[in-house]
Amino acid sequence: MSEQQRPLADSTERYDAIIIGAGTSGLNVARELSRAGWNCLGLEAGTRYNRHTYPTKEAYGSSQMYWGGGIELNTEASLAILRPKVVGGGSILNQALMDRFDEVAFSSWRDKSGVTFLNEDDLDPYYTRAEGNMALQTVPEDNRNKNAEFFAKGFEANGYEYAPLRRAQADCHFEHGNCCIECLSGCRIDSKQSTAVTALPVAEAYGFTLQDRTEVRTIRERSDHVEVTAVVGGPLDAQQTVTYTATRVVLASGAIGNSALLLRSGYGRRLPALGRHFYSHPQYMNVGIYDAPVRAFEGPLQNYKSNDPGFRRQGYKLENVFAGPASIALLMPGFGADHQHVMDQYENMGCVEVCIRDTNPGQITISRKGQPIIKKSLNKEDQRRVKAGKDAIRNLFHSTGAREIIEGEMGIGLHLMGGLCIGTSQTRSVVNPGFQLHGSKRIFAADSSIFPNAPGINPALTIMSLSLMASEVILAES
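Predicted model only: the values in this text are computed from it and were never measured.

What counts, and at which threshold
- Residue numbers run consecutively from 1 along every chain, following the written order of its sequence.
- The model is predicted, so local features are restricted to residues of pLDDT at least 70 and side-chain atom pairs to those at 80 or more, both for listing and for counting; the totals for chains, interfaces and linings are taken over all residues.
- Only hydrogens and water are removed before side-chain values are computed, so all heavy atoms of the structure are retained for them.
- To define axes, lines are fitted to C-alpha atoms, for helices over the stretch in contact only, and angles between the resulting N-to-C directions are given on a 0 to 180 degree scale.
- Helix and strand assignments follow DSSP, with helices taken as H or I runs no shorter than four residues and strands as E runs no shorter than two, numbered in order from the N terminus.
- Comment on the angle field: the value is read as roughly parallel under 35 degrees, roughly antiparallel over 145, roughly perpendicular from 65 to 115, and oblique elsewhere.
- Only heavy atoms enter the contact rule, under which two residues are in contact if any of them lie within 4.5 Å.
- Pairing of aromatic rings covers Phe, Tyr and Trp, the last through its six-membered ring, and needs centres within 6.5 Å; plane angles under 30 degrees mean stacked, over 60 mean edge-to-face, and all others mean tilted.
- The buried label applies to any residue whose accessible area, calculated with a 1.4 Å probe on protein chains only, is under 20% of its type's maximum; exposed applies above 50%, and partly exposed to all values in between.
- Here a polar contact means two N or O atoms within 3.5 Å. Within protein one must be a hydrogen donor candidate and the other an acceptor candidate, and residues neighboring in sequence count only if both atoms are side-chain atoms.
- Two strands qualify as a pair provided DSSP detects at least 2 bridges between them.
- When a carboxyl oxygen of Asp or Glu lies within 4 Å of a side-chain nitrogen of Lys or Arg, that pair is called a salt bridge.
- In this description, one arc is meant: the one made by directions from the helix axis to the C-beta atoms.

A. Just the packing of helix α5 (residues 120-132) against helix α14 (residues 460-477), in detail. Closest axis-to-axis distance for the α5/α14 pair is 8 Å, and the angle between their directions is 105 degrees. Comparing the axis directions of α5 and α14 gives the class roughly perpendicular. The segment α5 lies against α14, with Asp122, Leu123, Tyr126, Tyr127, Arg129, Ala130 and Glu131 engaging Leu461, Thr462, Met464, Ser465, Leu466, Leu468, Met469 and Glu472.

In structure tokens form, the structure reads like this:
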């Protein structure tokens, strides 16, 4: 059905809330507000897929489900930014790793923001509620692949501590030959507990309206409502510009999306911290090539994480990972025959990722056309953390018999945080402790864009928990 044929949400109606972005935060908020009886509209720039329509080829998934046709680059072209553009957001495309933040992360947040409820005790009931909204499992050891086996043996040989990853999944049926590498473009058996599976159906049962392929360009707050102007329709469809109205707006399009939207809407003049304090947990995939096949693409891609206090103090963590051939090819060095020689050994590759807790904040600005510009680099401390992680990975590969080690040189920005950081100071933050923009009564945010700095821990569960807390605040304000 073309955009000209597809019915649009009613632009003459005044909604109780418009939620901009239908990812991890937006759909959790949609469920809570709709369940409370609010008339809510969700606007999402990406496409809505389901288990039957997810792209089945790696290139199609990258080009159709991410901004920039797969990647966006920082101004130095040293970080490949992966920004989801799909209903369900990162919960569709990631490996659904669910960790609570520790006191190391929270104490840093309190120091930076002055927000006292950012602690383990105050967030505990919201973590518990978020965990109760989905199935959580660890991968049984019987189902781990050779890459995970090498990871565990390497940690044990070097005296490092590791732990199983807790994943939001119901039952992946690995015994039937299912592979998580397919889930990098959406789970075709709906085992992955994405918000499209756990939150969206509940929200819609309570009357929530979601409109996909709708990019919000500007918002304008009036005395008693907010006007949201959006372009409806993909690049191959007839596009329409439509303005919707709501009593409140919830920003849930992530660090880059929220920052760019507010900058286009003129909020940078009164919110000097807007777009600043941008973090991304830069990640580097490192490959070990073994004499025998590893087949790291089979079964679960991620089983284990480092759980070593020394690694945490040094600002990095390790996980066993892998990706499809096109993605691995982009990360491997060399040209022509040299590059082909490396890729010919795809089946023999093991892979471990170092992910750092970055310390150097970046900034999101916009071009003359209103498109985001990503200014982000690694300082000496960040580079030291990357090197320390790569040193540990070399030890893992050497102790498990890898005959060649290829270190990733291109950083991957996957956890996109900040830009609208929460805090008590209007000059140093964008969102106040009530999840409202400073100086606003009608615009809220609770996704990763409000993070004061990088926690060094997978953020999805905390995004959900903060979104549940914010939903209570928004409802109480009504």
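B. The arrangement of the packing of aromatic side chains in detail. Applying the stated rule across the entire model yields 19 aromatic pairs. Ring centres of tryptophan 109 and phenylalanine 451 lie 4.6 Å apart, and the angle between their planes is 55 degrees; this geometry places the pair in the tilted category. With tryptophan 109 in helix α4 (residues 103-113) and phenylalanine 451 in the loop between β21 (443-445) and α14, this residue pair connects regions lying 342 residues apart in the sequence. Through a chain of ring-to-ring contacts, three or more aromatic side chains come together here, namely Phe151, Phe155, Tyr160, Tyr162, Tyr304, Phe311 and Tyr316.

C. Structural context of the side chain of histidine 281. Residue position: histidine 281 is located in the loop between β12 (276-278) and β13 (283-289). Residue classification places histidine 281 among the buried residues on the basis of a relative accessible area of 0%. Within polar-contact distance, the side chain of histidine 281 engages the side chain of histidine 415 at 3.0 Å. Those residues in contact with histidine 281 that sit more than four places away from it in its chain are Cys355, Ile356, Arg357, Asp358, Ile412, His415, Met417, Ala454, Pro455, Gly456 and Ile457.

D. The sheet that holds strand β18 (residues 372-375), seen in detail. Spatial ordering of the open sheet is given by β12-β17-β18, a layout of 3 strands whose pairing is antiparallel. Strand pairing shows two members of the sheet lacking a second neighbour, β12 and β18, which therefore form its edges. Looking at each pair of strands side by side, their axes are set apart by 40 degrees on average, direction ignored. Along the sheet, helix α9 (residues 254-264) contacts β12, β17 (362-366) and β18; its crossing angle with β17, the most-contacted strand, is approximately 45 degrees.

E. The arrangement of the pattern of salt bridges in detail. All told, the structure shown has 29 salt bridges when counted by the stated rule. Put simply, aspartate 212 and arginine 213 hold a salt bridge, and the shortest N to O gap is 3.9 Å. For arginine 394, the salt bridge goes to glutamate 407, with nearest N and O atoms at 2.2 Å. Here glutamate 407 lies in the loop between β19 (404-406) and β20 (411-413) and arginine 394 lies in helix α13 (residues 380-399), a separation of 13 residues in the sequence. Take glutamate 407: its relative accessible area is 29%, and that puts it in the partly exposed class. Taken together, the shared-partner salt bridges in this structure form one network comprising Arg31, Glu32, Arg35, Arg129 and Glu472.

F. Spatial organisation of helix α12 (residues 336-343). Those residues of α12 not exposed but buried are His339, Val342 and Met343. The arc that holds the buried residues of α12, viewed along the axis, is 95 degrees, so those residues lie on one side. On its buried face, α12 is in contact with α11 (325-331), β16 (349-356) and β19.

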